[in-house]
Amino acid sequence: MGSWFCLLTYYKLINKDDDYDTYITELSESFERALSMYIINSYYEKLVKIINEADYNYHTLDNPTISDQEYDKFLRELFDLEYQYPELRRDDSPTQRAG
């Protein structure tokens, strides 16, 4: 409640009116977009980590820890995320490697 209350109080002070509906709707939509992007980014980072660890275990340690089907599934999901959200794509992404 603390941060919402502070924002509403600040809004009231600068706008000097009682029309909070528009402000609350905009604030809620902004929060939902930010939370969604945080979740998507976290999932992206998790996929990159899983794929990089699988690559290391397979190629360096000669000890695969996930099946080829699982690896392909994770890589497809990573490709899909990068297609839907190109701003997530990093130069060191597993999708950017040759091979």
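Residues numbered from 1 in each chain as written. Predicted model: local features only at pLDDT ≥ 70, side-chain atom pairs only at ≥ 80, totals over all residues. Heavy atoms only, no water.

Draft legend 1. Seen up close, helix H3 (residues 68-84). In a regular helix each residue adds 1.5 Å, so 17 residues correspond to 24 Å; H3 covers 24 Å between its end C-alpha atoms and thus fits that length. All buried positions along H3 are accounted for by Phe74, Leu75, Leu78, Leu81 and Glu82. Axial view of H3: buried residues confined to an arc of 120°, hence all on one face. Across from the buried face of H3, at angles greater than 90 degrees, the exposed residues are Asp68, Gln69, Arg76, Tyr83 and Gln84. Of the surrounding secondary structure, the elements contacted by the buried residues of H3 are helix H2 (21-60). (Helix = DSSP H or I, 4+ residues; strand = E, 2+ residues; numbered from the N terminus. Expected span 1.5 Å × (residues − 1). Buried < 20%, exposed > 50% of the residue type's maximum accessible area, 1.4 Å probe, protein only. Arc of directions from axis to C-beta. Contact = heavy atoms within 4.5 Å.)

Draft legend 2. Examining unusual backbone geometry more closely. At Asp62, a position not held by glycine, the phi torsion is positive, near 55°. Considering the arrangement of structural elements, one finds Asp62 in the loop between H2 and H3.

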